[in-house]
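# Chain and residue survey
The primary structure of each chain is shown beneath.
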Amino acid sequence: MENSSEAVIQYHQRTKHQLNAYAKGPETLDWDDQPNPFRRFSGCETLALPLPGAQLACLFGDMDKPEQIASQPLTLTNLGLMLELSFGLSAWKQFGPDRWALRCNPSSGNLHPTEAYLLCTDPDLLQPGVYHYVSHDHALERRSRFHADATRPELYIGLSSIHWREAWKYGERAFRYCQHDIGHALAALSYAAAGLGWSIELLSESADADVAAWLGLDRNDDFVPTEHEAPDLFCRIRSDRQAVTGFDAGHLSQILQSAEWFGTAERLSGRHFYRWPIIDEVSAHAAKPASAAERLTLPGLDLPLPSHNIAASTLFRQRRSAQHFNGKSPDLPLADFQRMLSALLPNAKPPFTAWNWPAQVHPVIFVHRVAGLEPGLYLLPRDPQALTELKQAFSTDFVWQTIEMPFEFYRLTPGNVRQAAKTISCHQPIASDSAFSLGMLARFADQVEAEAWRYRRLFWECGMLGQILYLEAEVAGVRGTGIGCFFDDAVHGMLGLRDNAWQSLYHFTVGEPLDDGRLQSLPAYAHLSG
């Protein structure tokens, strides 16, 4: 029997982009058969949530001290606002006859493999059951009902991935991107909950098989086989600051044994012309078993206020992925750069309040145009204890010059690194025309060899960091975008890495965006009030 950790590492090697060849993907894109970005279940009761568009009372900078944000009551209106600001629509874009939706949570290729489900045992909020959130309609579809008379009133939220949505465009590498998106989604959820004075407790002790059973994802007859959903995360929503209680997975499974289920998933694509069995294989090898509960106590850090501190809900809705950057824009102010990097450090604020593990990911930063900072290649160690290992692993040519910052920061090599950044990011100008770009370097081999499912967790961590950068860029008056396409081993070669102890798992870039004037922007939910 193949070792799961070895199988996952083999998948990772197989799906690397190389300078002379890209990972296996579709030879052509059947745009007429692009998967529907909105999952719906037919045969379900639908509950419309209160109209979207309400504002949070707090500014984005208030989230640096989430304990000071007043907790709002757990009502259907506030729950709907949290779902909207996490997974809802933020706008529609139109170019000629083509029209597509943008959402508050970003996604690779705007394909949105992530689905969100509520599991409620609080009859004062919702009739006990499992509900699927439909972002297009801002509504809940009731997938199940059960009796919860003797159960402590709780509200849970689970996230899953439809791998087919990403694989349609990205082929075998799509499994990676689905994990990025889960990290982005968890961070978006953490931020939105914090804006209501709530918090997200990641119940990471849960087994994937249990999450699938709780959310109805293991009901194979309810889904088109190629379009099944894989369980990813299960969280508890805390709407006040009561003492943390333990989570009883067995009790939840017991009350769900009597659940009555409704609905079948509507087909997303007609043909499924290309098939990528390696994704199902790696998904099985990277499945998470039940584990001991883990929670993390984080330090408090004093971050400088954002330079354009605005309402948090406005910021969440205006977040966009930049398509092009102004390569001749003024330098990014050093204070904004410092704020962005400080926000990446583990801290007792969202989204890290929804995270249960020490930092395993460290940004290697290509600085192009930051005021007062010489262009070059830099390192931000998010855990100072990793520094010795990184120094031993990196090229001996690096200078490791300490740069005076409010955090540990090192210049590896000075000079113009724009061409290098562009080349390793699949020759994309967005990596070189920005103020800075970065690669997220993860402690890799020992993590995956310890537990195969941690492969997914490393990508979730990268996605969380990406969401932080998206929002911090917006509040600084610039814009960011994730880069999933990069030449993996070219990055490692540039750093002098000789094995898979460390691997770059995600790239990101921040700068002044160039907007496409040909695109028309339309309100997110005009179709609900019209």
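Before any of the text, the structure's been laid out above.
Bear in mind the structure is a predicted one, so any value in this text is a computation, not a measurement. Numbering of residues starts from 1 in every chain and runs along the sequence as written. For this predicted model, a pLDDT threshold of at least 70 governs which residues receive local features, and a threshold of 80 or more governs which side-chain atom pairs are given and counted, while totals over whole chains, interfaces and linings are taken from all residues. Hydrogens are left out, water is left out, and the side-chain values use all remaining heavy atoms of the structure.

## Section: the overall build of the protein chain
- From N to C terminus, the protein chain includes 15 helices and 20 strands.
- To get the radius of gyration, use the C-alpha atoms; to get the globule rule, take the number of residues to the power 0.38 and multiply by 2.2 Å. Relative to the compact-globule value of 24 Å for 530 residues, the protein chain shows a C-alpha radius of gyration of 22 Å, a close match.
- On the principal axes, the C-alpha backbone points of the protein chain span a range of 65 × 55 × 50 Å.
- Burial status across the protein chain gives 60% buried among its 530 residues.
- Sequence-distant contacts, at least 24 apart, represent 82% of the contacts inside the protein chain between residues at least 6 apart.
- When the accessible surface of the protein chain is split by element, carbon and sulfur atoms take 50% of a total near 20,400 Å².
- His is not counted here, nor are the chain ends, while Lys and Arg score as positive and Asp and Glu score as negative. Charge positions come from single atoms, namely NZ of Lys, CZ of Arg, CG of Asp or CD of Glu. The positive charge centre, built from 45 side chains, and the negative charge centre, built from 61, are 3 Å apart in the protein chain. Under the scheme used here, helices are H or I runs from DSSP no shorter than 4 residues and strands are E runs no shorter than 2 residues, and both carry numbers assigned from the N terminus. Accessible area is worked out with a 1.4 Å probe on protein chains only. A residue is then buried under 20% of its type maximum, exposed over 50%, and partly exposed in between. Here, two residues are considered to be in contact whenever any of their heavy atoms come within 4.5 Å of each other. With residues, only the protein chains shown are counted as cover, and all accessible areas are computed by Shrake-Rupley using a 1.4 Å probe.

## Things to note about the pattern of salt bridges
- One side-chain nitrogen of Lys or Arg within 4 Å of one carboxyl oxygen of Asp or Glu is enough to make a salt bridge. As enumerated under the stated definition, the model contains 32 salt bridges in all.
- For Glu45, the salt bridge is made with Arg142, and the minimal N-O distance between the two is 3.9 Å. With a gap of 97 residues between them, Glu45 in strand E2 (residues 45–48) and Arg142 in strand E7 (residues 139–145) connect regions that are remote in the sequence.
- Glu45 sits in the partly exposed class, given a relative accessible area of 47%.
- A relative accessible area of 6% means that Arg142 is categorised as buried.
- Here Arg479 ties to Glu474 by a salt bridge, and the two come within 2.7 Å at their closest N and O atoms.
- Since its relative accessible area comes to 16%, Arg479 is described here as buried.
- Residue class for Glu474 comes out buried when judged on its relative accessible area of 5%.

## What about the side chain of Glu166?
- Within the secondary structure layout, Glu166 lies in helix H3 (residues 163–170).
- Contacts of Glu166, omitting those with residues within four sequence positions, involve Ser107, Ser108, Leu111, His112, Pro113, Gly171, Ala174, Tyr177, Cys178 and Asp181.

## Some details on the sheet that holds strand E16 (residues 410–414)
- Two strands pair under a simple rule: DSSP has to find at least two bridges between them. Read from one edge to the other, the open sheet built from seven strands follows the order E15-E16-E14-E13-E17-E19-E18, with strand pairing classed as antiparallel. Of all strands in the sheet, those with a lone pairing partner are strand E15 (401–402) and strand E18 (479–483), marking the two edges.
- Two strands pair when backbone bridges link them, and E15 and E16 are joined in this way by two bridges, in the antiparallel orientation. Residue pairing across strands places Gln401 opposite Arg411, the latter belonging to E16.
- Note on geometry: axes are lines fitted to C-alpha atoms, helical ones only across the stretch in contact, with angles between N-to-C directions running from 0 to 180 degrees. Contacts between helix H9 (residues 334–343) and the sheet are confined to strand E13 (361–367), strand E17 (436–443) and strand E19 (502–511), with E13 contributing the most and set at about 160° to the helix.
- In the packing of helix H13 (residues 454–475) onto the sheet, contacts are made with E13, E17, E18 and E19, and the angle to E19 comes to roughly 10°.

## What about empty space enclosed by the protein?
- Only protein atoms enter the 1 Å grid used here. Points where a 1.4 Å probe fits but cannot escape make up a cavity, open sets with protein on both sides within 12 Å along at least five of seven lines make up a pocket, and a residue lines them when an atom lies within 4 Å of a point. Grid points are joined across faces, edges and corners, and a volume is the space filled by probe spheres set on the points. Under the counting rule described, the total for this entry stands at five cavities of 30 Å³ or more.
- Lining the largest cavity are 14 residues, with Arg103, Thr114, Glu115, Tyr133 and Ser135 sitting closest to its centre.
- When contributions to the lining of the largest cavity are tallied by element, the ones reaching two or more residues are strand E5 (114–120) and strand E6 (129–134).
- Under the scheme applied here, ten amino acids are nonpolar (Ala, Val, Leu, Ile, Met, Phe, Trp, Tyr, Cys and Pro), four are charged (Asp, Glu, Lys and Arg), and all others, including Gly, are polar. Residues of the lining of the largest cavity, tallied by class, amount to six nonpolar, five polar and three charged.
- The computed volume of the second largest cavity comes to approximately 70 Å³.
- Taken together, 13 residues make up the lining of the second largest cavity; nearest its centre are Leu203, Ser204, Ser206, Asp232 and Leu233.

## A short note on the packing of aromatic side chains
- Only Phe, Tyr and Trp rings are paired, with Trp represented by its six-membered ring, and only when their centres lie within 6.5 Å; those with planes under 30 degrees apart are stacked, over 60 edge-to-face, the remainder tilted. Tallying each qualifying case throughout the model produces 29 aromatic pairs.
- On the numbers, 5.1 Å between centres and 5° between planes, the contact of Tyr378 with Phe409 is stacked. Of the two residues, Tyr378 sits in strand E14 (residues 376–379) while Phe409 sits in the loop between E15 and E16, which places them 31 residues apart along the sequence.
- Here the aromatic rings of Trp400 and Tyr410 are separated by 6.0 Å at their centres, their planes lie at 65°, and the arrangement is edge-to-face. You can see Trp400 sitting in the loop between helix H10 (387–393) and E15 and its partner Tyr410 sitting in strand E16, a full ten residues away along the chain.
- According to the relative accessible area criterion, Trp400 is buried, its value standing at 14%.
- An aromatic cluster is built from Tyr11, Phe175, Phe444, Tyr455 and Phe459, whose rings are joined through pairwise contacts.

## Considering the state of the cysteines
- Cysteine sulfur atoms that pair up within 2.5 Å are treated as a disulfide. Taken as a whole and assessed by the stated rule, the structure comprises one disulfide.
- Two residues, Cys426 and Cys485, share a disulfide whose sulfurs are 2.2 Å apart. Judged by the sign of its S-S torsion, about -90°, the bond between Cys426 and Cys485 is left-handed. Residue Cys426 is found in the loop between helix H11 (418–424) and E17, and its partner Cys485 is found in the loop between E18 and helix H14 (488–495); the two are separated by 59 residues along the sequence.
- What makes Cys485 partly exposed here is its relative accessible area of 22%.
- Note on Cys178: no disulfide assigned, nearest cysteine sulfur contributed by Cys462 at a separation of 15 Å.
- Overall, Cys178 belongs to the buried group, its relative accessible area being 0%.

## Focus: the pairing of strand E4 (residues 98–103)
- As defined by bridge partners, strand E3 (residues 89–95) adjoins E4 across six bridges and the pair is classed as antiparallel. Looking at E4, one finds that Trp92 is bridged to Ala101.
- In textbook terms, the turn of a hairpin is the stretch between consecutive antiparallel strands, and for E3 and E4 this stretch comprises two residues, one of which, Gly96, has a positive phi near 60°.

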